[in-house]
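# Geometric and topological summary
Each chain is listed here by its residues.
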Amino acid sequence: MNKLGKQLASPKIFFFTAIWLLIILVKGTLAQKDIGLYQSQEYYFSSWFIMVGGLLPLPGGRLAMAVMFINLLSKLLFSSKFSVARIGTHIAHFGGLLLLVGGFITAYYSKEGSMMLYEGDKSAFFDDYHELEIAIIDTSNPAFDEVTAFRNEYIDTGAVISDPSFPGTIKVVEYHRNADLYRLDSAVPSEFKGMAQRFYVRGKPLDSEASRNRAAMIVEVEGLSPVEDGVYIIFQHMQVPQLLNGDGRTFELSLRNARYPLPFGIELLDFEKVMHPGTMKAKSYSSEVNVMSGELKRRVEISMNQPMRNRGYTFYQASFVEGQVKEASVFAVVKNAGRQFPYWSSIIMSIGLFIHIVLRVIKHVNKGEKA
Amino acid sequence: MTEDFPKKTAVSLKLRKSLNLACATVGVFVFSGCPDNPSIVKYQAPKAPASISEPSMQAQAGSDLPPTITDADGVTWETPSSWTEGKASSMRMASFAIPLKDGTVGDVSLVKLAGPAGGLLANVNRWRGQVGLADLTAAGLKEELESRKTKAGVPYLAVEMINEDSGSAIAAGIYESGGATLFAKLSTNKVGLEEARGGFYEFCDSVSLGGMAPPVSSSMRADRPAMDPSLVPPAQMDSSNISWTVPSMWGEGKASSMRMASFSIPVSDGSVGDVSLVKLAGPAGGMLANVNRWRGQVGLDPLGEDALKKELESRKTLGGVSYVAVEMLNENSGAAIAGGVFEMGDSTLFIKLTTNNVGLAEGRASFLEFCDSLIFKEN
């Protein structure tokens, strides 16, 4: 164990991993020009492997950072001599490890999305920027909707949705992350239902601007009734959901950005935009909101440099929509459990390096005195 | 045992053990912890769409939507239980979707316009154009109209049009009162009309006009502060006697020496579509040159005369003025332009929406509504 640990702690691993990280940093940054920021991040930095030419797997950013983490950890556990003279190095190493841990927590546990509210509107949800979900909404209860959302592996060709909340099964026949809809000129067989009677879907390459991609799915519904069973089309930003009837209930089927419920509500009271005098350039935007928790309401102002933090969520003033009658404010909503890690690890690394330098200086002075 | 080691080594061992434990805990947490992103999520949500919502009738009327809805002028109606409330807009006082057995959705709109809104014949012929039928003459129109009365005894006109070839169908109820005209319109197909006819006329019969007044223009707003302006489209007029109705979700931009008016359309992807109104003398180079100039702007190859004809759609405004609509979309770059071209003899008016594929899909309806709303007044 000790031998393996010492091998894993080899400084050569850190050296070559750091060089590889530098290479993919440059490559990923350059690739942003062609494939956009989000795709580049996903392909180079958030991936375990980068498939070159679709065949040759090379380590992705996530794997490289995991290797670096194991290397630093092994160095700390199996190869370091713990003594007062080296305490600064150990603290700096620990700070580096903490930074990587924060990176992993952010990669796995953070959520980012947006919330758009018109003045007077309330919301207790926000929509993910990129993740999608198939939402099956049971609308039969007059008081509220029962939402069942399917994410991750369900957003793919061949996925099968079968859940007690829905009396049938849904099979994803075709999934396109970016697609166009085309109106059909000819009649289609009777098994095509809803939108599929009039439109067909054709996939197209991903847009470099991630938000321009409009996902679409062709799904096959079974197990409801001969009238309802058939092939349907659902696509992102669809105005009218596909309606399915089964078991005496009505369901809405849609493909949408993953929607996350918040543990509190937000009500937009007023949005204000201040322009630079004599120009059409905005000087500042701010939103006055009520943060609602049960019956309690707390009035908060969110402005460009003053985000609001509440129960692990941070709301940034991101954008606005100027309507003829009402204005809408757009908030970027972030939940990131690893938010504090970069700050603390930087402080720890600084303290470690400071101690290391001080101890080295003392050692040199002592050496000088002895000489 | 540790007593046998030098003090320095004992401290080192303790430190190592503590660090071992701490790092192993962190390692286990990071590498074996399940990501906070479950594949199946279940929750209860309020009936109204919560995250991204337009100001709807429901929001304005409060969370408990009564079966009878009243607009600011006292117009009321009763919605059949199988209909679902759609989005109201600046043009539409209310919208409803009727789920139909064939999987399609019938679209019901309630639109209020000032005065006769171009006249009965022009409106009926505009709808006939939408379902692909030829225009009627004034005499032919009379045969198509049915006089009906609401529950309150107010007379209104009902009209239906069905294209037997394409299957497209429209039914409408037209109410005139208080210097304004209210249009209830069902757009569907032939089968859908048969299925939804009963509910649609129940809805039309339930309409009560109250003290219906014409839509309020911007200049009149100060005199009518009590009216909720979101329910009525503000009409705007430029110096050249052209007025238009701006959809409520559009933001007004700056006019310039070139642009008679500018508007911005928010798109769900965060981009902003740009609408411009530009009037030029004469034919301004002609339709082909202008359309090809726009095609160049979105990165498409120019068209020939024959190909151009296939791209053009002849439309009419609410007042019956003919214009040509055209769209172009570069599927590779996503760049898109929609245009409305009004040839007015001595001048040409170009209305142009510059956006992307998402913006075109989302903004198409409101752009055409805007083009349809143009009113040209004679000097």
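Residues numbered from 1 in each chain as written. Chains lettered and ligands numbered in written order. Predicted model: local features only at pLDDT ≥ 70, side-chain atom pairs only at ≥ 80, totals over all residues. Heavy atoms only, no water.

## With respect to the nonpolar core
The following threshold applies: Nine residue types can take part in a nonpolar core, namely buried Ala, Val, Leu, Ile, Met, Phe, Trp, Tyr and Cys, and a core is a set of them joined through side-chain atoms within 4.5 Å. Relative accessible area decides the class of each residue, using a 1.4 Å probe on protein chains only: under 20% of the type maximum gives buried, over 50% gives exposed, and in between gives partly exposed. For the purposes of this entry, the term helix denotes a DSSP run of H or I that reaches at least four residues, the term strand denotes a run of E that reaches at least two, and both are numbered from the N terminus. Throughout, a contact is declared for two residues whenever any of their heavy atoms are within 4.5 Å.
If you look at the biggest cluster of nonpolar residues, it comprises 34 residues, and the most contacted ones within it are Ile134 and Met217 of chain A. Broken down by secondary-structure element, the contributors of at least two residues to this core are β4 (122-138), β7 (169-176), β9 (199-203), β10 (216-222), β11 (230-235) and β13 (249-275) of chain A. Filtering out sequence-adjacent residues up to four positions away, Ile134 of chain A remains in contact with Thr148, Ala149, Phe150, Tyr154, Ile155, Ile161, Val172, Met217, Ile234, Leu253, Ser254 and Leu255 of chain A. With 26 residues, the next largest nonpolar core counts Val75, Met93, Val108 and Val207 of chain B among its residues.

## Topic: the packing of aromatic side chains
Residues and elements named next belong to chain A. For clarity, the cut-off: Centres within 6.5 Å are what make two rings of Phe, Tyr or Trp a pair, Trp counting through its six-membered ring; a difference in plane orientation under 30 degrees is then read as stacked, over 60 as edge-to-face, and the rest as tilted. Remark: a charge is flagged as sitting over a ring if the NZ atom of Lys or the CZ atom of Arg is within 6 Å of the ring centre and within 35 degrees of the ring normal.
This model, assessed by the stated rule, comprises 20 aromatic pairs over all chains. Ring plane angle 80° and centroid distance 5.2 Å describe the contact between Phe15 and Phe16, whose orientation is recorded as edge-to-face. The class of Phe15 is partly exposed, set by a relative accessible area of 49%. You can call Phe16 exposed: its relative accessible area is 54%. Over the ring of Tyr108 we find Arg62, and its NZ or CZ is 5.0 Å from the ring centre.

## What about the packing of helix α2 (residues 11-35) of chain A against helix α3 (residues 37-45) of chain A?
Residues and elements named next belong to chain A. Put simply, the rule is: What counts as an axis is a line fitted to C-alpha atoms, over the stretch in contact for a helix, and the angles between N-to-C directions run from 0 to 180 degrees. Roughly parallel covers angles under 35 degrees, roughly antiparallel covers those over 145, roughly perpendicular covers 65 to 115, and oblique covers all other angles. The sense of a crossing depends on the near helix, which, turned anticlockwise from the far helix by less than a right angle, makes the crossing left-handed and, turned clockwise, makes it right-handed. Note on residue categories: nonpolar means Ala, Val, Leu, Ile, Met, Phe, Trp, Tyr, Cys or Pro, charged means Asp, Glu, Lys or Arg, and polar means any other residue, Gly included.
Running from N to C, α2 and α3 point in directions that differ by 150°, and their axes come no closer than 8 Å. Classed by the angle they form, the pair α2 and α3 counts as roughly antiparallel. Between α2 and α3 lies a crossing of right-handed hand. Only Leu37, Gln39, Ser40, Tyr44 and Phe45 of α3 make contact with α2, whose side of the interface consists of Ile24, Leu25, Lys27, Gly28, Thr29, Ala31, Gln32 and Ile35. Taken together, the residues of the contact of α2 with α3 break down into 7 nonpolar, 5 polar and 1 charged.

## Description of the confidence of the model for chain B
Residues and elements named next belong to chain B. What counts, and what does not: By definition, pLDDT measures how confident the predictor is in each residue, and it falls between 0 and 100.
On average, residues of chain B score 72 in pLDDT, and 69% of them are at 70 or above. For chain B, helix α2 (residues 57-61) is the element with the lowest average pLDDT, namely 28, and strand β18 (residues 335-343) is the one with the highest, namely 91. Below a pLDDT of 50 lies the segment residues 1-6, which in the model reaches 2 contacts outside its immediate sequence neighbourhood of four places, other chains included. Taken together, the stretch residues 49-73 has pLDDT below 50 and engages in 68 contacts with residues farther than four places along the chain or on a different chain.

## Focus on the sheet that holds strand β17 (residues 322-329) of chain B
All names here are of chain B. Heads up, the rule is: Paired strands, in this sense, are two strands between which DSSP finds at least two bridges.
The 7 strands lie next to each other as β13-β14-β15-β19-β18-β17-β16, forming an open sheet whose pairing is antiparallel. What marks the edges here is a single partner per strand, and that holds for β13 (251-252) and β16 (313-316). Summarising the sheet, β18 and strand β19 (residues 347-356) pair through 9 bridges and their orientation is antiparallel. Each residue of the ladder has a partner; that of Gly340, found in β19, is Ile351.

## Quick look at the pattern of salt bridges
Applied cut-off: Criterion for a salt bridge: a side-chain nitrogen of Lys or Arg within 4 Å of a carboxyl oxygen of Asp or Glu.
Here the structure, examined in full by the defined rule, presents 19 salt bridges over all chains. Linking Asp163 of chain A and Lys42 of chain B is a salt bridge whose minimum nitrogen-to-oxygen distance equals 2.7 Å. A residue pair is termed interchain when its members come from two chains, as with Asp163 of chain A in the loop between β6 (160-162) and β7 and Lys42 of chain B in strand β1 (residues 40-45). Looking at Asp163 of chain A, the relative accessible area reads 10%, which means it is buried. For Asp135 of chain B, the salt bridge is made with Lys316 of chain B, and the minimal N-O distance between the two is 3.1 Å. In this pair, Asp135 of chain B is assigned in the loop between α3 (120-130) and α4 (138-144) and Lys316 of chain B in strand β16, connecting sequence segments 181 residues apart. Put simply, Glu133, Arg151 and Arg256 of chain A are held in one network by salt bridges that share partners.

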